[in-house]
Each structure stands twice: as structure tokens, then as C-alpha cells.
Amino acid sequence: MNLSCLIIDDEPLARKLLMEYCNKVPFLNLKADFSNGLEALTYLKSHQVDLIFLDIKMPDISGLELSRSIQNKPKIIFTTAFAEHAVDAFELDAIDYLLKPFDFSRFLKAVNKALPSVSQSDKSSSTGVENEFMLIKDGRELVKVHYKEIRYIKGQKDYVMFVTNKKKVMSLMNLRDLERELPDNVFIRIHQSYIINVEHIESISNDKVLLASEYLPVSQSYKMSFRAFIKTYEAN
């Protein structure tokens with residue numbers, strides 16, 4: 001799956017950085033970049049794209065005004081140095097709001113939201129996540145990992161380790177931020193250092209769970225929320 005994209009930002013350095021980031025992501029196909037919103041709007045009248053990286057404060061027309069003017073609006077990720085416009089951006093159905101300066105890992109997290117996911121009807125047919133996946137930056141590579149294959153995720157300071165049925169993948173990211181991005185119908189935090197996929201649980205005891213012959217601890221602070229989650233999961 002490829003996403004055609006456009007960069008609209010009046011700052012040359014910001015456009016250059018976004019272009020570099022786009023070139024690192026295999027499924028992004030950068031079509032053009034503009035320093036002027038009116039020129040971009042003219043381009044969009046005759047060209048269709050899937051995703052726009054859009055600055056907010058620009059001369060002639062702001063990113064917010066531009067977003068309101070686009071016909072057949074693509075997905076939009078706002079990129080700005082000003083936090084106060086976040087509410088307006090999300091009211092325009094932006095999929096993310098990147099506050100400058102942002103690094104590649106934050107950029108990639110936003111871009112992943114633009115990827116097509118399973119439809120709501122597909123989700124409701126099962127508690128699983130059969131067709132969903134994420135792209136994880138491991139060193140210089142982007143590794144595709146299906147959610148259903150992840151057994152658990154372990155936080156290790158500034159890194160997390162994804163333990164799957166096939167391999168282990170290390171990535172520079174924060175476990176707390178990652179927790180907000182995972183499907184909450186099967187993933188649950190059981191410890192300061194662990195998030196698990198409940199579909200891989202073999203057994204549960206008072207203070208630990210067994211996943212694929214490996215015991216993981218359930219800490220006291222997460223025990224009640226874990227038990228409540230399991231009851232809801234079983235009920236579904």
C-alpha cells in the first residue's frame with residue numbers, strides 16, 4: 001500500500017526535513033512540496049493525493065483555511081510550532097498534529113495513522129486484530145509487524161522490544177506513548193515494563209501470566225485493571 005503525499009510549508013528547513021522523513025518511509029510517495037498555500041490549492045484542483053503535511057501559519061492563506069477549502073479532502077497531518085491550534089485542527093478531522101520540532105519516530109507514528117485499517121464491521125466480527133499491522137523502525141530498517149503476532153512488548157529505558165511469534169524487534173520509542181497507539185481490545189499493560197497481547201495468554205495466576213511458555217509479572221498497580229480487562233474480554 002502506497003500513500004501519495006504533499007508537503008505545504010513556507011519554511012524551507014521544515015520542508016527539507018519533511019522531505020527527508022518522507023523518503024525514509026517506503027510506503028510514502030511524495031508528489032510535490034509547496035511554500036505557498038495558494039499554489040498548493042491550485043495543484044490540488046487537478047491532482048489527488050492521499051495525505052498532506054500542512055503547516056498552519058503561512059502567508060496569504062493559513063493551513064486551517066486551506067484545509068477548509070480543499071475539495072475531496074485527503075488525510076491531513078498538521079505540522080506547526082504553535083500548540084494553540086490543536087483543537088481547530090482536530091475539528092477539521094486531522095489525523096495528527098505534529099508540534100515542531102519533532103523527530104522521525106514521532107513523524108512515523110503520525111504517518112502510521114494514515115494507513116488503511118480494518119473497517120469497523122471487520123473489527124466487530126472478532127476481538128482479534130487479524131489484518132492490522134504497524135511499521136517499526138529497527139535501526140535503519142522499517143519492519144512490518146502484525147498485531148496478532150505480537151506476544152508482548154517490553155520497555156527497556158528509551159527502547160522497547162517487540163516479542164513476536166517469529167522474531168524480536170528493538171525500536172527507539174517510549175512504552176507509554178506506544179500504549180496509546182495499540183489496539184485496546186487485545187493489548188493491556190500489566191507492569192511498568194510490559195504490555196501483553198491477551199490472545200497469547202496460556203494461563204493466569206495471582207501475580208503472573210504465561211505466554212508461550214514464558215512467565216511475565218503482573219504488578220500490584222496494574223492488577224485490578226488487568227482483571228477488569230480480562231472479564232470484559234471474556235464477556236465479548
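Residues numbered from 1 in each chain as written. Predicted model: local features only at pLDDT ≥ 70, side-chain atom pairs only at ≥ 80, totals over all residues. Heavy atoms only, no water.

### Things to note about the sheet that holds strand β2 (residues 28-34)
Next up, step 1: Ordered by their spatial adjacency, five strands build an open sheet running β2-β1-β3-β4-β5, and the pairing between neighbours is parallel. Each edge of the sheet is formed by a strand with only one pairing partner; in this case those strands are β2 and β5 (96-99). Direction aside, neighbouring strands of the sheet carry axes that sit 20° apart on average.
Next up, step 2: With four bridges joining them, strand β3 (residues 51-54) and strand β4 (residues 75-80) adopt parallel strand pairing. The residue bridging phenylalanine 53 from the neighbouring strand is isoleucine 77, located in β4.
Next up, step 3: In the packing of helix α2 (residues 37-44) onto the sheet, contacts are made with β1 (3-8), β2 and β3, and the angle to β2 comes to roughly 130°.
Next up, step 4: Relative to β5, helix α5 (residues 104-112) is tilted by about 170°, and along the sheet it contacts β2, β3, β4 and β5. (Pairing = 2+ DSSP bridges. Helix = DSSP H or I, 4+ residues; strand = E, 2+ residues; numbered from the N terminus. Axes fitted to C-alpha atoms, helices over the stretch in contact; angles between N-to-C directions. Contact = heavy atoms within 4.5 Å.)

### So, the sheet that holds strand β13 (residues 201-204)
Next up, step 1: Spatial ordering of the open sheet is given by β13-β14-β15, a layout of three strands whose pairing is antiparallel. A single partner strand is all that each edge strand has here, and the edge strands are β13 and β15 (214-217). Adjacent strand axes in the sheet meet at a mean angle of 30° when their direction is disregarded.
Next up, step 2: Note that β13 and strand β14 (residues 208-211) share three bridges and pair antiparallel. Residue pairing for β14: isoleucine 201 is matched across the bridge by leucine 211.

### Focus on α2
An α-helical segment advances 3.6 residues per turn. Residues three or four places apart therefore align on the same side.
Next up, step 1: Looking at α2, one finds that the buried residues are Gly37, Ala40, Leu41, Tyr43 and Leu44. Looking straight down α2, one finds that the buried residues subtend no more than 160° of arc, so they occupy a single side.
Next up, step 2: Those residues of α2 that are buried lie in contact with β1, β2, β3 and α3 (63-69).
Next up, step 3: Taking the backbone nitrogen of leucine 38 as reference, a side-chain oxygen 2.7 Å away marks asparagine 36 as the first, capping residue of α2. (Buried < 20%, exposed > 50% of the residue type's maximum accessible area, 1.4 Å probe, protein only. Arc of directions from axis to C-beta. Polar contact = N/O pair within 3.5 Å; in protein donor to acceptor, adjacent residues only side chain to side chain.)

### As for the confidence of the model for the protein
Next up, step 1: In this model, the protein carries a mean pLDDT of 85, and residues with pLDDT of at least 70 account for 92%.
Next up, step 2: When pLDDT is averaged over each element of the protein, β3 comes out on top at 96 and helix α6 (residues 120-124) at the bottom at 37.
Next up, step 3: Low pLDDT, under 50, characterises residues 117-127; the predicted model gives this stretch 10 contacts beyond four residues in sequence or across chains. (pLDDT = per-residue confidence, 0-100.)

### Re the pairing of strand β11 (residues 187-191)
Next up, step 1: With four of its five residues buried, β11 lies for the most part within the structure.
Next up, step 2: Across four bridges, the pairing between β11 and strand β12 (residues 194-197) is antiparallel. Bridge pairing in β12 links isoleucine 188 to isoleucine 196.

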